[in-house]
Amino acid sequence: MCDRNPKERCELCNKFIYIHDTILVCNLDHKSYHAKCLKIDNDTAHELQSNSEWFCPHCLCDILPCINSPINDHESAASCQSCKKIISNTRDKVSTCSLCNNIYHFTCFNEHSNNCHISKSHSFHSDTNSSEVLNDLFNQVSFNPYNSILDNDKNRFFDDDIEDYCDTADIANRILASCKYYDHNSNHTLKKLVGTTFYFNNIDGFQSNFDEFKSQALNEIDKFDFYCFNETNLKAGKNHDFTIDSYTSHHLYSIDDKHKGSGLAIYHHKNLSFTVNTSLSYRNDFFECLGGKLKTNTGFINVIVVYRFSTNHRVSDGIDKLSSLIESVSDQPSVFMGDFNLNTLKHESDTNVQKYVDAFMCNGFAPLINKPTHFKGQASTAIDQIWSNVLSENVTSGILNVSTSSHMPIFAAIPTNAESLHQADELSYKPN
């Protein structure tokens, strides 16, 4: 018989955990679960646990929409609204959706919480200051490649170019370290943003979520200069009324035979001089991009929205194609934003993520988002990102705690003055 700890039981089935069992241990409350009880395959469970990014449903109920704490009993028998099977009052743990009030098996609830049409019309625990919970929860789960870079390069100050590079990298390090979650009602903070302001969100369909975006983003926070989106799913030649007052829109329409998972949009305030550039707007087998040039008092800045298709598994080849786009604008002030479907939390362990990060950083771009932006089931990933080679001490970035889709919106405020444009030249230095 295999050894076991007689005190350790699975939180779901309440059975003992044996040494041969594949389990997941919550990174917050440290309770254990059989992977099979959560309907998570062994390989996925090992990957989640090795990256210390798994949180149990009990803890997620504090930060994600729709989730109530699981309970054991109900006053009367009921059917799970997902699998349609009868829920046992004595054997089954259940969850009740706090928004639609339907009852689910605890293990069926994750799929529902990702798809509940009602949940998409509510912000994450709008009656609580849940950004504090998120910032505390992910305090040690973050992406910052500058820690090792600065440690390696600061001993080489005999080279003036390296010293300039490290000074600018130090600024980029502080910007990234300051990135945090903000509640949707953080007006006092967002009103202080300086420079040109950018908002990005993988909206997962204009038809489903654009009205909710307008309700949450436009009515409750200051308006950004740019609103940019992935996965609009808008088809060319079809009339639509997805407009924002006082904003001009530009679209790269979705793939004709694709129901969802493509389509880009850029909305900019009408008082800005922005022109779409065809050399920055195209689609290939690996990604799609929509970009143009913003005219400022000190010159032009490229603004480019990118969506990398997760369905193409030739990831390395796709990064090579993306590198060509990055290199083509690396000598110009530029801002990239998008869902790249590459989790930067794995930048030290995944070779494709390393290659993706290097593609930007070796061309002088700094990441501005350092925490998870996408929540699905019990997994949290940092796949949405803003990259910029326009830097100064006044750059601000963050993640908005709203639930338009399973992707949290991200934002950045970038001063577009002479000083910040000069910093772009400094960051483009590539030490050996």
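The structure this text deals with has already been given above.
Now for a description of the structure that goes with this document. These figures come from a predicted structure and were not determined experimentally.

### Concerning the overall build of the protein
Alright, step 1. When helices and strands are counted, the protein shows 11 helices and 24 strands.
Alright, step 2. Residues classed as buried in the protein amount to 54% of the 432 residues present.
Alright, step 3. Considering only contacts within the protein whose residues lie at least 6 apart along the sequence, 65% involve residues at least 24 apart.
Alright, step 4. Surface exposure of the protein reaches about 19600 Å², of which carbon and sulfur atoms provide 44%.

### A few points about helix 4 (residues 130-137)
Alright, step 1. Listed in full, the buried residues belonging to helix 4 are Ser130, Ser131, Leu134, Asn135 and Leu137. The buried side chains of helix 4 occupy one side of the element, clustering within an arc of 165 degrees when seen end-on. Among the exposed residues of helix 4, those oriented more than 90 degrees off its buried face are Glu132 and Asp136.

### Some remarks on the pattern of salt bridges
Alright, step 1. This model, assessed by the stated rule, comprises six salt bridges.
Alright, step 2. One salt bridge in this structure joins aspartate 204 and lysine 260, with 3.4 Å as the shortest N-O distance. Of this pair, aspartate 204 sits in the loop between strand 10 (196-202) and helix 8 (206-220) while lysine 260 sits in the loop between strand 12 (247-252) and strand 13 (264-269), and the two are 56 residues apart along the sequence.
Alright, step 3. Under the relative-accessibility criterion, aspartate 204 is labelled partly exposed at 22%.
Alright, step 4. When its relative accessible area of 44% is taken as the criterion, lysine 260 is described as partly exposed.
Alright, step 5. In this structure, arginine 283 and glutamate 288 form a salt bridge, with 2.7 Å as the shortest nitrogen-oxygen distance.
Alright, step 6. Salt bridges sharing common partners tie together Asp170, Arg174 and Glu393.

### Some thoughts on the side chain of asparagine 209
Alright, step 1. In this fold, asparagine 209 is placed in helix 8.
Alright, step 2. The class for asparagine 209 is buried, based on a relative accessible area of 1%.
Alright, step 3. Reaching out from asparagine 209, the side chain makes a polar contact with the backbone oxygen of aspartate 204 at a distance of 3.4 Å.

### Things to note about the environment of tyrosine 356
Alright, step 1. As for its position among the elements, tyrosine 356 is in helix 10 (residues 351-361).
Alright, step 2. For the pair tyrosine 356 and valine 315, spaced 41 residues apart in the sequence, the C-alpha separation amounts to 9.4 Å.
Alright, step 3. Once you skip the residues sitting within four places of it in the chain, tyrosine 356 turns out to touch Ile319, Leu322, Phe340, Leu342, Thr344, Gln385 and Trp387.

### Some points on the packing of aromatic side chains
Alright, step 1. Enumeration over the complete set of coordinates arrives at 33 aromatic pairs.
Alright, step 2. Look at phenylalanine 206 and phenylalanine 210: their rings are 4.7 Å apart centre to centre, the planes differ by 55 degrees, and that puts the pair in the tilted class. Remark: phenylalanine 210 and phenylalanine 206 occur in helix 8; sequence separation between them is four residues, near one turn of the helix.
Alright, step 3. By relative accessible area, phenylalanine 210 is classed as buried at 1%.
Alright, step 4. When the centroid spacing of 5.9 Å and the interplanar angle of 90 degrees are considered together, the rings of phenylalanine 229 and tyrosine 267 count as edge-to-face. In this pair, phenylalanine 229 is assigned in strand 11 (residues 226-230) and tyrosine 267 in strand 13, connecting sequence segments 38 residues apart. Comparing phenylalanine 229 with tyrosine 267, the two get one shared label, buried.
Alright, step 5. Each member of the aromatic cluster is reached from another via a ring pair, and the members are Tyr182, Tyr199, Phe206, Phe210, Phe213, Phe224, Tyr227, Phe229, Phe242, Tyr247, Tyr267 and Phe411.
Alright, step 6. The ring of phenylalanine 16 has arginine 9 lying over it, and the distance from NZ or CZ to the ring centre is 3.9 Å.

### Quick notes on the sheet that holds strand 10
Alright, step 1. Pairing in this open sheet of seven strands is mixed, and the strands run 9-23-24-10-11-13-12 from one edge to the other. Edge positions in the open sheet fall to strand 9 (180-183) and strand 12, since each of these has one partner strand only. With strand direction ignored, the average angle separating the axes of adjacent strands in the sheet is 25 degrees.

### Focus: unusual backbone geometry
Peptide bonds are mostly trans, and most non-glycine residues show a negative phi.
Alright, step 1. You will see that aspartate 204, though not glycine, has its phi angle at about 55 degrees, which is positive.
Alright, step 2. Residues other than glycine seldom take positive phi values, yet glutamate 231 does so here, at roughly 50 degrees.
Alright, step 3. As for its position among the elements, glutamate 231 is in the loop between strand 11 and strand 12.

### Focus: the pairing of strand 17 (residues 299-308)
Alright, step 1. With eight of 10 residues buried, strand 17 is to be regarded as a mostly interior element.
Alright, step 2. By the bridge criterion, 10 bridges tie strand 16 (residues 287-296) to strand 17 in an arrangement that is antiparallel. Note that in strand 17 the partner of lysine 293 across the bridge is asparagine 302.
Alright, step 3. Between strand 16 and the antiparallel strand that follows it, strand 17, lie two residues.
Alright, step 4. When strand 17 meets strand 18 (residues 334-339), the two strands line up parallel, connected through six bridges. Opposite valine 303, over in strand 18, you have valine 335 as the bridge partner.
Alright, step 5. Since strand 17 and strand 18 lie parallel, the crossover through helix 9 (residues 315-329) that links them has a hand, and here it is right-handed.

Analysis parameters
Throughout this description, residue numbers start from 1 for each chain and increase along the sequence as written. It should be noted that, the model being predicted, local features are given only for residues of pLDDT at least 70 and side-chain atom pairs only at 80 or more, the latter also being counted only at that level, while totals for whole chains, interfaces and linings use all residues. Each side-chain value is worked out from all heavy atoms of the structure, with water and hydrogens disregarded. The numbering of helices and of strands both runs from the N terminus, where a helix is a DSSP run of H or I of at least 4 residues and a strand a run of E of at least 2. Under the scheme applied here, a residue whose accessible area is under 20% of the maximum for its type counts as buried, over 50% as exposed, and between as partly exposed, the area being computed with a 1.4 Å probe on protein chains only. Note on definitions: a residue-residue contact is assigned when non-hydrogen atoms from the two residues lie within 4.5 Å. We get accessible surface area from the Shrake-Rupley algorithm with a probe of 1.4 Å; when it comes to residues, only the shown protein chains can shield them. As used here, the arc belongs to the directions running from the helix axis to the C-beta atoms. A pair is scored as a salt bridge if a Lys or Arg side-chain nitrogen falls within 4 Å of a carboxyl oxygen belonging to Asp or Glu. We define a polar contact as two N or O atoms separated by no more than 3.5 Å, with the added condition that, inside protein, one atom must be a possible hydrogen donor and the other a possible acceptor, whereas residues neighbouring each other in sequence contribute only through side-chain atom pairs. Stacked, tilted and edge-to-face are the three classes assigned to paired rings of Phe, Tyr and Trp, where Trp is represented by its six-membered ring and a pair needs centres within 6.5 Å; plane angles under 30 degrees give stacked, over 60 edge-to-face, the rest tilted. Our definition puts a charge over a ring when NZ of Lys or CZ of Arg is within 6 Å of the ring centre and also within 35 degrees of the ring normal. Paired strands are those between which DSSP finds at least two bridges. Under this scheme, a helix contributes an axis fitted over its contacting stretch, all axes are lines through C-alpha atoms, and angles between N-to-C directions fall in the 0 to 180 degree range. Every crossover in which the path from the first strand over the helix to the second runs clockwise, viewed with the strands pointing away from the viewer, is termed right-handed.

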